[in-house]
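Listed below, chain by chain, are the residues.
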Amino acid sequence: MKPFLPDESGLMTLIGALACVLLLMVALAWCARRSGWVQRFQRSQQSIHVLTSVSLGARAKVVLVDVGEHRFLLGVTASQITCLSREKVEGDV
């Protein structure tokens, strides 16, 4: 019994179709990333947003974080995290 081998034109059609599907997936991923849709989706799933971080030395930094309706200014070292300031955020920032 011989194994089934598709003819050459059928194989080329299959490879062409797979290449088109792959190219379409890459193009859609590029468009989603370029438009910012991916970042907006990821941000909407998170309850903590790091707004900015400033390094003060080798092992210390100050971080501005939004958590729900509150904004925190945190001092972060290798051994601890200290809340320096807390305020309520009004509206969508």
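Structure: see above.
Now for a description of the structure that goes with this document. Everything numeric here is computed off the predicted structure, so don't read it as measured data.

With respect to the pattern of salt bridges
Evaluated as defined, the whole model comprises two salt bridges. Between Arg71 and Asp66 there is a salt bridge; the shortest N-O distance is 2.8 Å. For the pair Arg71 and Asp66, one class covers both residues: buried. The shortest N-O distance in the salt bridge between Glu69 and Lys88 comes to 2.9 Å. With Glu69 in the loop between strand S2 (60–67) and strand S3 (70–77) and Lys88 in strand S4 (residues 81–88), this pair connects stretches of sequence that are 19 residues apart. With relative accessibility at 49%, the residue Glu69 sits in the partly exposed group. Judged by relative accessible area, which is 48%, Lys88 ranks as partly exposed.

Points about the sheet that holds S2
The strands making up a sheet associate through backbone hydrogen bonding, with each pair oriented either parallel or antiparallel. Pairing in this open sheet of four strands is antiparallel, and the strands run S1-S2-S3-S4 from one edge to the other. Either end of the sheet is taken by a strand with one partner, and the two such strands are strand S1 (48–55) and S4. Adjacent strand axes in the sheet meet at a mean angle of 20° when their direction is disregarded. Pairing analysis gives eight bridges linking S2 to S3, with the strands arranged antiparallel. Bridge pairing in S3 places Val62 opposite Gly75.

A short note on the side chain of Asp66
Residue placement: Asp66 occurs in strand S2. Asp66 gets classed as buried once you look at its relative accessible area, which sits at 10%. Only 2.8 Å separates the side chain of Asp66 from the side chain of Arg71, close enough to count as a polar contact. Other than its neighbours up to four places away in sequence, Asp66 contacts Ser47, Ile48, His49, Leu51, Arg71 and Val89.

Rules used throughout
- Note on numbering: residues in each chain are counted from 1, in written sequence order.
- Only residues with pLDDT of at least 70 are given local features in this predicted model, and only at 80 or more are side-chain atom pairs given and counted; all residues enter the totals for whole chains, interfaces and linings.
- Hydrogens and water are ignored here; the side-chain numbers use all heavy atoms of the structure.
- Counted as salt bridges are all cases of a side-chain nitrogen of Lys or Arg within 4 Å of a carboxyl oxygen of Asp or Glu.
- To sort residues, take the accessible area from a 1.4 Å probe on protein chains only and compare it with the maximum for the residue type: under 20% means buried, over 50% means exposed, and anything in between is partly exposed.
- Strands are runs of DSSP state E lasting at least 2 residues, helices are runs of H or I lasting at least 4, and numbering of each runs from the N terminus.
- Following DSSP output, two strands are said to pair if at least two bridges run between them.
- To obtain each axis, a line is fitted to C-alpha atoms, and for helices this fit is confined to the stretch in contact; angles are then taken between N-to-C directions over 0 to 180 degrees.
- Under this definition, polar contacts are N or O atom pairs within 3.5 Å; protein pairs additionally need one hydrogen-donor-capable and one acceptor-capable atom, and for neighbouring residues in sequence, both atoms have to be side-chain atoms.
- What makes two residues a contact is simply this: any of their non-hydrogen atoms within 4.5 Å.

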